[in-house]
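# Observations on the model geometry
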Amino acid sequence: MKVITKTAITLSLLSQFNAHAIDLRVDNVRLYQNSTANFSPPSTLYIENGKIVTITKATDTKQKAGATINANNQFALPGLIDLHVHLGSSGSNFSEFQYLPVKSHFNSNLYLGVTNIVDLFSFKQTLDEAAQLKATHVTPNLFYAGTLFTNPGGHGTQFGGSVYEITKDEDIDTLWNKHIATNPHITKAVIETFGGMGKSLTDSQLTELGKRSKAANLPYFVHVSTLLDGKRAIKAGATALAHGINNEAIDEEFITLMKHHRVTYIPTLAVYHNHSDEKHNHGVSSQSQLLRTVPAKLQKCLFEKVPAPSKWTDNAWQARNTAYANIKKLHQAGVVIGTGSDAGNPYTLHGTGLHNELDALKKAGLSNDQIINAATINGAQAINQGAHIGKLAPGYEASFILLAQNPLVDLKSLHNIAEVFKSGQRIDRSKLIAENKTIEPQGPACNPTITSRKAHIMIDDFIGESPWQALSDKVMGGQSSVELKSEKQSLTINTAVAKATNFGAWAGAEIKYPQLVDASTFKGIRLTYKGSSIPFSLSIYHSEVKDWDNFSALLMPSNDWKTLEIPFSDFKQFGFGNQVKWSATKLSGFNLMWRKMPGASDDILKNTLEIKELVYF
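The structure reproduced in this document is the subject of the present report.

What follows concerns the overall build of the chain. The secondary structure content of the chain amounts to 15 helices and 30 strands. Computed over C-alpha atoms, the radius of gyration of the chain comes to 28 Å, within 12% of the 25 Å expected from 2.2 N^0.38 for 617 residues, which places it in the range of a compact globule. Projected onto the principal axes, the alpha-carbon positions of the chain cover approximately 100 × 50 × 40 Å. Relative to its 617 residues, the chain shows a buried fraction of 55%. Within the chain, residue pairs in contact and separated by at least 24 positions form 74% of the contacts whose partners lie at least 6 positions apart. Charged side chains in the chain number 60 positive and 54 negative. The centres of these two groups are separated by 5 Å.

Structure representation (structure tokens):
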């Protein structure tokens, strides 16, 4: 029997290497070395079939190539990795939601050198759109979790559609089979109690998902927000924490758990800080080099008249030094840090969001090489792709960015990209800008110049042509329902308030003005009604309220017809949103609403209310 030695194999490979031309040769390029956190001397990079074949000294250019590029001693980094995106959202404010197709987000990522993205929650329609693009275009590598696992009515259900809601342990088997049928790359589960107001997945449910993920060789990402939840996730088998502990200091137990279980920490600072940073410092809009693929309408929606951030967002911004300190402690302890932006959320744009995250990690105190490793090799290992992406070495995907300046000296050099290559193909970045300019965001006009008309005393005369519309938590995945019955001189509202989600439950009716009205010459609202079994609210839509924390007054049930005159001064915001100074000069409508708070009984709460007068007084 003939023995084939290692030397013979090497000679055979070399002869094959010299027998035909390589697809692409890149001369005079300095390659980032993850292990030494430095750049190589000028080298020659050989690429074939989208992968790096070999790397030689810059002077060794004997091998022929179909195409040759002189990098002129530029610095090459592996394509960046965003471990947390949502392709179904564009980064717009949810109150003025703007939809953009997946193509726009892919273009933005490629333009900014993000060649790998991890979608941690998107519905089938979005993933199908991504798959169709991949068949005809050069796109970033997409790794996805698909549908996430959550508790009934938990985080994820507010976006509508079907999510994997686990009511009891026995539900997991059926839901897991659905998960596996989508060929996911990752499992995503949620721990979120919204400040202790709601329930979450139990420890046994989280652990069972962790066991199944491990058996299927799937990374197990768990959404957390508190220190306690972080510890629960680690003990349940999480391989990565999607979001960090940003509002409270971590302790030694948490650090020990992270190290022992080799869990990747993905802080997603961008999604917590971008809105406040924009409001206070123009932090996002000032980075024009990162916004060239962002459609003009979306920029107008975001950057003109920036609304005040929500309370929890601004609290995270105020506590950012705590988040920074946690990252520094974890890194010093040897915990792996990864980069994720949560792009798709307000002010966290696709592609741009990851660059914002890199800047935030710099503010947290990480060195430039530590940040580059977090966005490359660390991210690759977090999704079990450490042998394929995240490095510039033979056998790895030939996806990289070229920089004129050394990012180890100045991290902001990463924002000034000269060239992007994806799987050995040079990306025409100017074409990506042009393509995105032709894509118009679908959504309402943002920040239009609006004038008010003088309000008539009559809000609704109930002549049988009711302008009222049903309104319920179904828009956020709830199960409540509304039936409206309009008759001459009255309107009947039948509501069934179902089980509460972590956002509560609600059902009612609203009337909206086609144009803002100025009701400042009146004192308040007069309503004549009868019915209901519990107190309900009458709310005024104020043009400055963008987060549903409307000015409201609580009304009591009445078996008989009852007329109330409610002064404007009695209408108050609940307090969960941003406080707005009251003015009756720009009103846009009203609603009547029945609610359940988070944690309330699952029993369906039915109410019937009849109204026959709604006027200003």
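The rest of the description comes next.
Let us look at a nonpolar patch on the surface. Together, F94, F97, W548, F574 and F576 make up a nonpolar patch on the protein surface, roughly 550 Å² of accessible area in all. Within the secondary structure, F97 sits in the loop between strand 6 (80–85) and helix 2 (102–111).

The axis of helix 8 (residues 269–281) is deflected most strongly, by about 30°, at H275. Counting buried positions along helix 8 yields ten of 13 residues, so the element is predominantly enclosed. Residues L269, A270, V271, Y272, H273, N274, H275, S276, D277 and E278 constitute the buried set of helix 8. Summarising the contacts, the buried residues of helix 8 are in contact with helix 9 (296–303), helix 10 (311–318), helix 11 (320–332) and helix 12 (352–363). At the C-terminal side of helix 8, H282 shows a positive phi close to 55°.

Right, let's talk about the pattern of salt bridges for a bit. Evaluation of the coordinates by the stated rule reveals 18 salt bridges. In this structure, D171 and K168 form a salt bridge, with 3.1 Å as the shortest nitrogen-oxygen distance. For D171, a relative accessible area of 18% puts it in the buried group. Given the relative accessible area of 45%, K168 is considered partly exposed. Connected through shared salt-bridge partners, K231, K235, D251 and E253 make up one network.

A word on the nonpolar core. Core analysis: the biggest nonpolar cluster contains 75 residues, and L209, L241, F254, M258, Y265 and L330 have the highest contact counts within it. For L209, the residues in contact, after removing those within four places along its chain, are F149, I166, I172, W176, A189, L201 and Y220. Counting 39 residues, the second-largest nonpolar core is a separate cluster that includes F462, W468, V545 and L614.

On the secondary structure map, S341 appears in the loop between helix 11 and helix 12. Here D82 takes part through its side chain, which lies 2.6 Å from a polar atom of the side chain of S341. At 3.0 Å, the side chain of S341 forms a polar contact with the backbone nitrogen of A343.

The next subject is the packing of aromatic side chains. Under the counting rule described, the total for this entry stands at 15 aromatic pairs. Ring geometry for F303 versus Y347: centroids 6.5 Å apart, planes at 50°, classification tilted. Pair noted here: F303 is in helix 9 and Y347 is in the loop between helix 11 and helix 12, with a separation of 44 residues, a long-range link. A single burial state applies to F303 and to Y347, both of which are buried. A centroid spacing of 5.4 Å and a plane angle of 40° characterise the contact between F568 and W582, whose relative ring orientation is tilted. Remark: W582 occurs in the loop between strand 28 (572–573) and strand 29 (587–596) and F568 occurs in the loop between strand 27 (558–567) and strand 28; sequence separation between them is 14 residues. Put simply, the rings of Y513, F522, F590 and Y616 touch in pairs and so form one group of aromatic residues. The lysine or arginine in question, R453, covers the ring of Y513, its NZ or CZ lying 5.6 Å from the ring centre. Between K612 and the ring centre of W561, over which it is positioned, the NZ or CZ distance is 4.3 Å.

On to unusual backbone geometry. With phi around 60°, N217 is a residue other than glycine that occupies positive phi space. On the secondary structure map, N217 appears in the loop between helix 5 (203–215) and strand 12 (220–223). For N217, a relative accessible area of 57% gives the class exposed. One non-glycine residue, Q489, lies in positive phi territory at about 75°.

Before going further, it helps to spend a moment on the packing of helix 8 against helix 10. At a closest axis distance of 8 Å, the pairing of helix 8 and helix 10 adopts a crossing angle of 85°. One way to sum up the angle between helix 8 and helix 10 is to call them roughly perpendicular. Here Y272, H273, H275, S276, D277, H280 and N281 of helix 8 lie close against helix 10, whose contacting residues are W312, T313, D314, A316, W317 and Q318.

Alternating residues of strand 8 (residues 141–144) divide into N141 and F143 and L142 and Y144, and every residue in both groups is buried. Alignment of strand 7 (residues 114–119) against strand 8, held across four bridges, turns out to be parallel. By the bridge assignment, V118 is partnered in strand 8 with F143.

The next thing to look at is the pairing of strand 22 (residues 490–497). Within strand 22, seven of the eight residues are buried, leaving the element largely enclosed by the surrounding structure. Alignment of strand 21 (residues 481–487) against strand 22, held across seven bridges, turns out to be antiparallel. Across the sheet, K485 pairs through a bridge with T492, a residue of strand 22. Taking the residues between adjacent antiparallel strands as the criterion, strand 21 and strand 22 are bridged by two residues, where Q489 takes a positive phi near 75°. In terms of strand pairing, strand 22 meets strand 30 (residues 605–616) through seven bridges, oriented antiparallel. In the strand pairing of strand 30, V497 is matched with L605.

Cut-offs applied
Residues numbered from 1 in each chain as written. Predicted model: local features only at pLDDT ≥ 70, side-chain atom pairs only at ≥ 80, totals over all residues. Heavy atoms only, no water. Helix = DSSP H or I, 4+ residues; strand = E, 2+ residues; numbered from the N terminus. Rg over C-alpha atoms; globule rule 2.2 N^0.38 Å. Buried < 20%, exposed > 50% of the residue type's maximum accessible area, 1.4 Å probe, protein only. Contact = heavy atoms within 4.5 Å. Lys, Arg positive; Asp, Glu negative; His and termini not counted. Charge placed at Lys NZ, Arg CZ, Asp CG, Glu CD. Patch = residues over 30% accessible without salt bridge, like charges linked within 9 Å, V, L, I, M, F, W, Y side chains within 5 Å. Areas by Shrake-Rupley, 256 points an atom, 1.4 Å probe, with all protein chains shown as cover. Salt bridge = Lys/Arg side-chain N within 4 Å of Asp/Glu carboxyl O. Bend = angle between axes of the 7 residues up to and from the residue. Core = buried A, V, L, I, M, F, W, Y, C linked by side-chain atoms within 4.5 Å. Polar contact = N/O pair within 3.5 Å; in protein donor to acceptor, adjacent residues only side chain to side chain. Phe/Tyr/Trp six-rings, centres within 6.5 Å; stacked < 30°, edge-to-face > 60°. Lys NZ or Arg CZ within 6 Å of the ring centre and 35° of its normal. Axes fitted to C-alpha atoms, helices over the stretch in contact; angles between N-to-C directions. Parallel < 35°, antiparallel > 145°, perpendicular 65-115°, else oblique. Pairing = 2+ DSSP bridges.

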